[in-house]
Amino acid sequence: MARVALVSGGTRGIGAAIARALSQVGYTVAASYHGNEERAASFHQTTGIPVFRWDVSDYDACVDGISRVEAELGPIDILVNNAGISRDGMFHKMTLAQWNEVIGTNLNGLFNMTHPVWPGMRERGFGRIVNISSINAQKGQLGQVNYSASKAGDLGFTRALALEGASRNITVNAVCPGYTETDMVRAIPPHVMEEKILPQIPVGRLGMPEEIARCVLFLVSDEAGFITGSTLSANGGQHIGG
Ligand code: CAA
């Protein structure tokens, strides 16, 4: 039986590339999404991957959504916590709502999504969890105090939970993408992208979602059982070291 994988935020951007890559190598995959019904429908149409709508910042919605996925596909072996949002702004202009939204989705979302699948993984003695963090957790980013804090929180979550999962053959790892061709990065003002960001990327280009998906494929494989609590960076050399 193929292992079952759930990718949150799996119908667009990096998440869609991860869902596609997992499906192409034979995993049974489900993708969750929150807002964009149209993109989710076209993703489903082109890939055949089932899509499920809920908000990862809502714990009860996660419990319900995960039970719907498991009823259709079977117990979840692999969870990719990819759903994430940004609400950029300089700290002196940042509102409490911008702070809470980003923490609610990017950090609380990891608790909300992982907590319901954890007991089953422990019982079955197998699990793979990959959390999509960010280069901006590692280096900090002007205009992203909320986002950097949430994504750095994801790394702490990864490291602590890895210790708890180790004896049950559950690995918990993080991937830190750099600036990648997605809607989130396309929303950056063009002058900022051209003048401030691209010159900082040694390979001279943005990453592709498929390049991040390769990292996830590696970490979720049965053969990757010795890799846990780790952070895999894919950022074109923009940030090197911890
Ligand atoms: N790196 C370096 N400098 C940056 C920068 C960046 N990423 N973003 C903005 N700046 C600079 C601007 O060029 C400007 O400098 P100058 O005054 O010298 O021109 C200064 O910071 C202020 O920027 P703005 O004039 O744009 O000020 P604003 O108040 O209108 O907007 C902002 C501020 C909302 C932060 C806007 O600049 C912005 O959206 N910047 C991009 C921030 C960013 O990098 N976000 C990452 C999104 S992608 C992502 O989050 C995915 C991931 O994991 C990597």
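For the structure itself, consult the block above.
Colleague: Quick question: what am I supposed to make of helix α6 (residues 145–165) here?
Modeller: In an α-helix there are 3.6 residues to a turn, and that puts residues three or four apart on one side. The first and last C-alpha atoms of α6 sit 30 Å apart over 21 residues, in line with the 30 Å expected at 1.5 Å per residue. Listing the buried residues of α6 in full gives N146, Y147, S148, S150, K151, D154, L155, F157, T158, L161, A162 and G165. Those residues of α6 hidden inside the fold are in contact with α4 (96–124), β5 (127–132), α5 (135–139), β6 (170–177), α7 (183–186) and β7 (231–234).

Colleague: Please clarify how empty space enclosed by the protein should be interpreted in this entry.
Modeller: It is the rolling of a water-molecule-sized probe over the atoms that shows where space remains empty. Scanning the entire structure with this criterion turns up one cavity of 30 Å³ or more. Put simply, the largest cavity is a space of about 40 Å³. As for the largest cavity, its lining consists of S8, V56, N81, N82, A83, T105, G109, L110 and M113. A per-class count over the lining of the largest cavity returns four nonpolar, five polar and no charged.

Colleague: Help me out: how do you make sense of the site of the ligand in this one?
Modeller: Neighbouring the ligand are 19 residues, the closest being D88, S134, Q141, Y147 and Y179. D88 is positioned such that a nitrogen or oxygen atom in its side chain is 2.8 Å from a nitrogen atom of the ligand. With respect to the ligand, the side chain of K196 contributes an N or O atom lying 3.5 Å from an oxygen atom. Here the ligand, which alone exposes 990 Å², has 71% of that area covered by the protein. Taken together, the residues that form the shell around the ligand break down as 10 nonpolar, six polar and three charged.

Colleague: Quick question: what am I supposed to make of unusual backbone geometry here?
Modeller: A negative phi holds for most residues other than glycine; trans holds for most peptide bonds. Notably, N169 is not glycine yet its phi reads approximately 65 degrees, a positive angle. Inspection of the secondary structure assignment puts N169 in the loop between α6 and β6.

Colleague: In this structure, what is going on with the side chain of S32? I would like to understand it.
Modeller: Along the chain, the position of S32 falls in strand β2 (residues 28–33). The exposure class assigned to S32 is buried, which follows from its relative accessible area of 1%. In this structure, S32 is in contact with L6, V7, S8, G9, G10, T11, F52 and W54, ignoring residues within four places of it in sequence.

Colleague: How should helix α9 (residues 209–220) be read in this particular structure?
Modeller: Under the 1.5 Å per step criterion, the end-to-end length of α9 is 17 Å for 12 residues, consistent within 8% with the ideal 16 Å. For α9, the complete set of buried residues consists of P209, I212, A213, C215, V216, L219 and V220. Relative to the axis of α9, the buried residues are bounded by an arc of 155 degrees and lie together on one face. Buried residues belonging to α9 abut α1 (13–24), β4 (78–81), β5, β6 and β7.

Colleague: Help me out: how do you make sense of the nonpolar core in this one?
Modeller: One finds I18, L22, V80, V175 and V216 to be the most contacted residues of the largest nonpolar core, which totals 25 residues. Secondary structure elements with two or more residues in this core: β1 (4–7), α1, β2, β4, β5 and α9. With seven residues, the single largest contributor to this core is α1. Once residues lying within four places of it in the same chain are set aside, the contact partners of I18 are V7, V80, N82, I132, A213 and V216. Judged by nonpolar contacts, the second largest core, of 24 residues, contains L6, W54, L79 and M113.

What counts and what doesn't
- Residues numbered from 1 in each chain as written.
- Predicted model: local features only at pLDDT ≥ 70, side-chain atom pairs only at ≥ 80, totals over all residues.
- Heavy atoms only, no water.
- Helix = DSSP H or I, 4+ residues; strand = E, 2+ residues; numbered from the N terminus.
- Expected span 1.5 Å × (residues − 1).
- Buried < 20%, exposed > 50% of the residue type's maximum accessible area, 1.4 Å probe, protein only.
- Contact = heavy atoms within 4.5 Å.
- 1 Å grid on protein atoms, 1.4 Å probe; cavity = no way out; pocket = protein on both sides within 12 Å on 5 of 7 lines; lining within 4 Å.
- Points joined across faces, edges and corners; volume = space filled by probe spheres on them.
- Nonpolar A, V, L, I, M, F, W, Y, C, P; charged D, E, K, R; others polar.
- Near = heavy atom within 4 Å.
- Polar contact = N/O pair within 3.5 Å; in protein donor to acceptor, adjacent residues only side chain to side chain.
- Areas by Shrake-Rupley, 256 points an atom, 1.4 Å probe, with all protein chains shown as cover.
- Arc of directions from axis to C-beta.
- Core = buried A, V, L, I, M, F, W, Y, C linked by side-chain atoms within 4.5 Å.

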